[in-house]
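Residue-level listing of the chains:
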Amino acid sequence: MKVAIDVSPLQSGHKVRGVGFYLTYLKRSLLEYYPENKYAFFTKTEEIPTDVDLVHYPYFDPFFLTMPFAKKYKTVVTVHDVTPLIFPKHFPTGIKGKFRWQIQKFHLQQADAILTDSKVSKKDIVTITKIPEEKVSVAYLAAGEEFRRSEMGEVRDENLRKKYNLSKKFILYVGDITWNKNVPRLVKAMKETGLPLVMVGKALVQKDFNKSNPWNKDLLEVQSLVEGDANIKMLGFVSTEDLVSLYNMATVFVFPSVYEGFGLPILEAMQSGCPVIVSKEGCMPEVAGDAAYYFDGYDTQSLIAAVKKVFSSVELQKELSKKGIEQAKKFSWKQTAQDTNKVYQQVFKQ
């Protein structure tokens, strides 16, 4: 079986996180665990070889034309999530966006199979697109192997504290800043507790962005809320090496999102031995299992109570750390490759 995979995101700004991370690990895992397949990796500007058996588009955007107009081959598409379509009030698209979504939805309905990251995401894709349930398969993601419990030593630890001017104990957030991420609630809650918050994510420190775009409302609010607050550090993008160390150094990791396709930082934190607090919305319980401390994502006081409880209890931190390491072992890129290849085989035999 010869599979062509679109690796365009690896040539763009998506290379470092998100779709780029998924593609890098998927590509590596398929080559390692299913070398009997032949693979052709192409970008949007290149021709797809004519002798392929199927084409995999490993990313999908409802409002940009990420799929070809004419379907020439059997097709598999990965739809990581459909967040803006579930919460249209918070992600208004305008007339052009609505028109593009109709085109994208048509192309998606023509695909032979769809892969997604969680059961919650599958349910929502089926509901919104009316695609038959049997055409949508779940292939869970996993954290990179670089995320692990490390004994960094006091020197590395102290160097990083100085580099980012960190407190001895702190709460960590890693992620983007769109409405579903619930970041303004996190910032307000931490301001009320007075506990130190460290935030990692390229978007957090952006200055040159469209301030009138409603999609950027939360970014504007957060930047305003943290201004002049020495207790809240927005680090922006950090290297993977530093991120692993931050997960190891943090007292607790908080992921307040009310909806995700998967929520990869949850597993990165768990695999690094960091105690995790997450909201009980969306797919978060599906990923975190019984290894996280939960709160109501729509209730600030519930978040405050959860953070205070875990931050003040060393015993609870140890328990969550131990459970988190075990929970993260349930996810692997070998399994992701296996689930993906299974879908390839089904499409190939159709």
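Within each chain, residues carry numbers counting from 1 in the order of the written sequence. With the structure being a predicted model, the display of local features is reserved for residues of pLDDT at least 70 and the display and counting of side-chain atom pairs for 80 or more, all residues being used for whole-chain, interface and lining totals. Remark: hydrogens and water are excluded; side-chain values derive from all non-hydrogen atoms of the structure.

**Observations concerning the sheet that holds strand E10 (residues 252–255)**
Logical step 1: A pair of strands counts as paired when DSSP detects no fewer than two bridges linking them. Each helix corresponds to a stretch of at least 4 residues labelled H or I by DSSP, and each strand to a stretch of at least 2 residues labelled E; elements are numbered beginning at the N terminus. A sheet is described by the order of its strands in space; here six strands give the open sequence E9-E8-E7-E10-E11-E12, paired in parallel fashion. On the outer flanks of this sheet lie strand E9 (232–236) and strand E12 (293–295), each paired with one strand and no other. Averaged over all adjacent pairs, the angle separating strand axes in this sheet is 25 degrees, with direction ignored.
Logical step 2: In this structure, strand E7 (residues 171–174) lies alongside E10, joined through two bridges in parallel fashion. Looking at E10, one finds that Ile 171 is bridged to Val 252. Axis definition: a line fit to C-alpha positions, over the contact stretch in the case of helices; interaxial angles, taken between N-to-C directions, run 0 to 180 degrees.

**Here we look at the packing of helix H6 (residues 183–193) against helix H7 (residues 217–226)**
Logical step 1: Two elements in contact, H6 and H7, have axes whose closest approach is 9 Å; the angle formed by their N-to-C orientations is 15 degrees. Overall, the two elements H6 and H7 adopt an arrangement that is roughly parallel. Here H6 and H7 pass one another in a crossing that is left-handed. Side by side, H6 and H7 meet where Val 183, Pro 184, Val 187, Lys 188 and Lys 191 of the first sit next to Asp 218, Glu 221, Val 222, Leu 225 and Val 226 of the second.
Logical step 2: Each residue gets one label: Ala, Val, Leu, Ile, Met, Phe, Trp, Tyr, Cys and Pro are nonpolar, Asp, Glu, Lys and Arg are charged, and the others, such as Gly, are polar. Here the contact of H6 with H7 is built from residues that sort into six nonpolar, no polar and four charged. Roughly parallel here means an angle under 35 degrees, roughly antiparallel means over 145, roughly perpendicular means 65 to 115, and every remaining angle is called oblique. Crossings are assigned a handedness: left-handed for a near helix turned anticlockwise from the far helix by less than a right angle, right-handed for a clockwise turn. In this analysis, two residues are considered to be in contact whenever any of their non-hydrogen atoms come within 4.5 Å of each other.

**Focus: the pairing of E7**
Sheet faces and side chains relate simply in a regular strand, where the side chains alternate between the two faces.
Logical step 1: Burial classes: relative accessible area under 20% of the type maximum marks a residue as buried, over 50% as exposed, and values in between as partly exposed (1.4 Å probe, protein chains only). Here E7 shows no split at all, with Ile 171 and Tyr 173 on one side and Leu 172 and Val 174 on the other all buried.
Logical step 2: Across four bridges, E7 lies against strand E8 (residues 197–200) in parallel orientation. By the bridge assignment, Val 174 is partnered in E8 with Val 200.

**Some details on the state of the cysteines**
Logical step 1: In this description, a disulfide is simply a cysteine sulfur pair whose atoms lie within 2.5 Å. All chains considered together, the criterion is met by zero disulfides.
Logical step 2: Note on Cys 274: no disulfide assigned, nearest cysteine sulfur contributed by Cys 283 at a separation of 19 Å.
Logical step 3: By relative accessible area, which is 0% here, Cys 283 ends up buried.

**Digging into empty space enclosed by the protein**
Logical step 1: A pocket, in this scheme, is an open set of points on a 1 Å grid over the protein atoms alone with protein on both sides within 12 Å along at least 5 of 7 lines, while a cavity is a set where a 1.4 Å probe fits but cannot get out; residues line either one if an atom lies within 4 Å of a point. Grid points are joined across faces, edges and corners, and a volume is the space filled by probe spheres set on the points. Enumeration according to the criterion identifies one cavity of 30 Å³ or more in this entry.
Logical step 2: Approximately 30 Å³ is the volume found for the largest cavity.
Logical step 3: Around the largest cavity, the lining residues are Tyr 22, Thr 78, Leu 115, Thr 116, Asp 117, Ala 139, Leu 141, Thr 336 and Thr 340.
Logical step 4: Partitioned by chemical class, the residues of the lining of the largest cavity number four nonpolar, four polar and one charged.

**Thoughts on helix H9 (residues 264–271)**
Logical step 1: Most of H9 sits inside the fold, with seven of its eight residues counted as buried.
Logical step 2: Every buried residue of H9 is accounted for by Leu 264, Pro 265, Ile 266, Leu 267, Glu 268, Ala 269 and Met 270.
Logical step 3: One or two positions beyond H9, positive phi appears at Gly 273, with a value near 80 degrees.

**Considering the packing of aromatic side chains**
Logical step 1: Classification of ring pairs rests on two measures: the distance between centres of Phe, Tyr or Trp rings, Trp counted by its six-membered ring, which must be within 6.5 Å, and the angle between planes, read as stacked under 30 degrees, edge-to-face over 60 and tilted in between. Inspection of the entire model under this criterion finds 17 aromatic pairs.
Logical step 2: Ring centres of Phe 42 and Tyr 57 lie 6.3 Å apart, and the angle between their planes is 90 degrees; this geometry places the pair in the edge-to-face category. In this pair, Phe 42 sits in strand E2 (residues 38–42) while Tyr 57 sits in strand E3 (residues 54–57), placing the two residues 15 residues apart along the sequence.
Logical step 3: Taken together, a centroid distance of 5.8 Å and an interplanar angle of 75 degrees make the contact between Phe 87 and Tyr 259 edge-to-face. Taken together, the residues Phe 87 in the loop between helix H2 (83–86) and helix H3 (94–110) and Tyr 259 in the loop between E10 and H9 connect sequence positions 172 residues apart. An identical accessibility class is assigned to Phe 87 and Tyr 259; each is buried.
Logical step 4: Put simply, the rings of Phe 147, Tyr 173, Tyr 247, Phe 253 and Phe 255 touch in pairs and so form one group of aromatic residues.
Logical step 5: Lying across the ring of Phe 41, Lys 27 places its NZ or CZ 4.6 Å from the centre.
Logical step 6: In this scheme, the term charge over a ring applies when either NZ of a lysine or CZ of an arginine sits within 6 Å of the ring centre and within 35 degrees of the ring normal. Positioned above the aromatic ring of Phe 311 is the side chain of Lys 169, whose terminal nitrogen or guanidinium carbon lies 5.0 Å from the ring centre.

**Side note on the sheet that holds strand E1 (residues 2–6)**
What links the strands of a sheet is backbone hydrogen bonding, and the strands pair in either a parallel or an antiparallel sense.
Logical step 1: Ordered in space as E2-E1-E3-E4-E5-E6, the six strands form an open sheet in which the pairing is parallel. Single-partner strands in this sheet number two, and they are E2 and strand E6 (136–138). Going across the sheet, the axis of each strand differs from the next one's by a mean of 25 degrees, ignoring polarity.
Logical step 2: In this fold helix H4 (residues 119–129) packs onto strand E5 (113–116) and E6, with an angle of close to 170 degrees to the strand it touches most, E6.

**Comments concerning the side chain of Glu 268**
Logical step 1: Mapped onto the secondary structure, Glu 268 falls in helix H9.
Logical step 2: We classify Glu 268 as buried; its relative accessible area is 8%.
Logical step 3: Here Glu 268 is in contact with Ala 143, Phe 147, Leu 243 and Tyr 247, once residues within four sequence places are set aside.

**Topic: the pairing of E9**
Logical step 1: Most of E9 sits out of view: four of its five residues are buried.
Logical step 2: Examined bridge by bridge, E8 and E9 share four bridges and lie parallel to one another. When the bridges of E9 are listed, Leu 197 appears paired with Ile 232.

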